[in-house]
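Now for the letters of each chain:
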Amino acid sequence: MTQTTLPDALSLALSEHFQQRFSRGESTRLQHGRDESVHHPQAPDGVVMAESTDEVVLTLKLCAAHGVPVIPYGVGSSVEGHVLAPQGGISLDLSSMNQVLAIHAEDGDATVQAGVTRKQLNDALKGSGLFFPIDPGADATLGGMAATRASGTNAVRYGTMRDNVMATTTVLADGRVMQTGGRARKSSAGYDLTRLLVGSEGTLGIMTELTVKLYPIPEAISAAVCTFPDIDSAVQTVIQTIQLGIPVARIELLDALSLKAINLFSKTTLSEAPTLFFEFHGSPASVAEQAETVQAIADELGGANFAWATHPEDRSRLWQARHDAYFACLQLKPGCRCFPTDVCVPISRLAECIAATNEDIAQVGIPIALFGHVGDGNFHLVVLVDTGNDKEMAEAAWISQRVVERAIAMEGTCTGEHGIGLGKRKYLPLEHGDVAVDVMRAIKQALDPKNLMNPGKILPPLA
């Protein structure tokens, strides 16, 4: 990687203000120009470590004056190239903006800086009787989770970041500070700018503070594991559970290859067969009733070995193993990268979508694990590839395109929670239509006329 160039006046101004918190060092730039995706690293020209909204304002004003792009950065856990710098520029690292600013226990909300991680927020909530439920697996920053509209294992009950961000402080491309939303639980006042920003992937502005919903810690929590003779039986169990209105908190599907990887990585002894992980929240009586009803559904569909995990340490071990699934799968093929894809379909089409996807998987020679948050129709493929092998990359791209186009044809989406980034831009017109994409371009042009905010992400290139 060669030394890059920034306008001397910009480098001088950033150096004078940030001193050691502005770096053009190769290792720092490379760290901020890669994520968990299969995309080749693309380093920024420099990195700024901001510690306040005012410093974000300063950085954006300076970069706007010099026409230099800005790419927001949290912890780099994205999987669609969100933090890469294809046009160079400044990576604006918000991880030091990690203060929990206010907890309003009586109202069930908290205001945090964008660099606060979900685990950090829940640690701060200990003793309050409340928790923040959005759990994408990685200990991502809340700013990054809002930017990608993340969700995770609890979404079937508690929703996604779209449902749980109430307000933001956002810095626009020209350095103006905008307040969106509020702490009231509902409002009919004007355009919903908060939801416009949630999922915008840093292309419209940089969220520096967020107010998020909190929830009471359930009186009782129980988890369970159940194995099935095949994927279809497991998925039918999920569909019947959701259609009966059973208020489960989590339903996770893992195929046999995923369980093999987890056992090797996490030293567990789970059955290496299609498996559902459940979690139930509520009163002791309601939790028992939910679990018994789900067990009865599973029994009718061939489920076996329905095992309970009621002790906190057992539940934590179970869900940690589930969260480790991505990295566990990577160990099945040392040195590989993951070509990930995640789609979401209406729950009634889930079984059909997964069955057709498994037929596609059988046609390629690369290892592919399937798991996901199937309670809301969302599943992931972990496609393990050698990025230097053209045949493997072609097979991975084929699988990804097949599953995405199938999901969209089923009135689903090309991404349930990963976001668009660089990897899925081409599918946006297919999913939303040309008119909707034109409207998105108009919004981008209105808020960022110089195209400096995370350029190259979300919107497909113009022909």
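Keep in mind that what you see is a predicted model, and the values were worked out from it rather than measured.

Colleague: Quick question: what am I supposed to make of the sheet that holds strand β3 (residues 70-73) here?
Modeller: Across a sheet, paired strands are connected by hydrogen bonds in the backbone, their directions being either parallel or antiparallel. Judged by pairing direction, the sheet is mixed, and its four strands sit side by side in the order β1-β2-β4-β3 without closing on themselves. What marks the edges here is a single partner per strand, and that holds for β1 (22-23) and β3. Bridge count between β1 and strand β2 (residues 46-49): two bridges; the pairing is antiparallel. The residue bridging Phe22 from the neighbouring strand is Val48, located in β2.

Colleague: Even after reading the chapter, I still don't get the pattern of salt bridges, so can you show me in this structure?
Modeller: Side chains bearing opposite charge may pair, as long as their charged atoms lie close to each other. This structure, assessed with the given rule, holds 20 salt bridges. Asp107 is the partner of Arg183 in a salt bridge, and the nearest nitrogen-oxygen pair spans 2.6 Å. In this pair, Arg183 sits in the loop between β9 (177-181) and α8 (193-197) while Asp107 sits in the loop between β5 (100-104) and β6 (109-113), placing the two residues 76 residues apart along the sequence. Since its relative accessible area comes to 35%, Arg183 is described here as partly exposed. Two residues, Arg176 and Asp174, come together in a salt bridge whose shortest N-O distance is 2.8 Å. Judged by its relative accessible area of 38%, Asp174 falls in the partly exposed class. Here the residues in one salt-bridge network are Arg118, Asp135, Arg250 and Glu279, joined through shared partners.

Colleague: Before we go on, may I ask you to explain helix α1 (residues 8-18) in this structure?
Modeller: Note that an α-helix has 3.6 residues per turn; residues three or four places apart therefore point the same way. Every buried residue of α1 is listed here: Leu10, Ser11, Leu14 and Phe18. Seen end-on, α1 carries its buried residues on one side only, within an arc spanning 100°. Away from its buried face, by an angle of more than 90 degrees, α1 presents the exposed residues Asp8 and Glu16. Residues of α1 that are buried in the fold lie against β1, β2, α3 (53-66) and β4 (90-93). Note on α1: the residue one or two positions beyond its end, Gln19, has a positive phi of about 50°.

Reading guide: rules and limits
Residues numbered from 1 in each chain as written. Predicted model: local features only at pLDDT ≥ 70, side-chain atom pairs only at ≥ 80, totals over all residues. Heavy atoms only, no water. Pairing = 2+ DSSP bridges. Helix = DSSP H or I, 4+ residues; strand = E, 2+ residues; numbered from the N terminus. Salt bridge = Lys/Arg side-chain N within 4 Å of Asp/Glu carboxyl O. Buried < 20%, exposed > 50% of the residue type's maximum accessible area, 1.4 Å probe, protein only. Arc of directions from axis to C-beta. Contact = heavy atoms within 4.5 Å.

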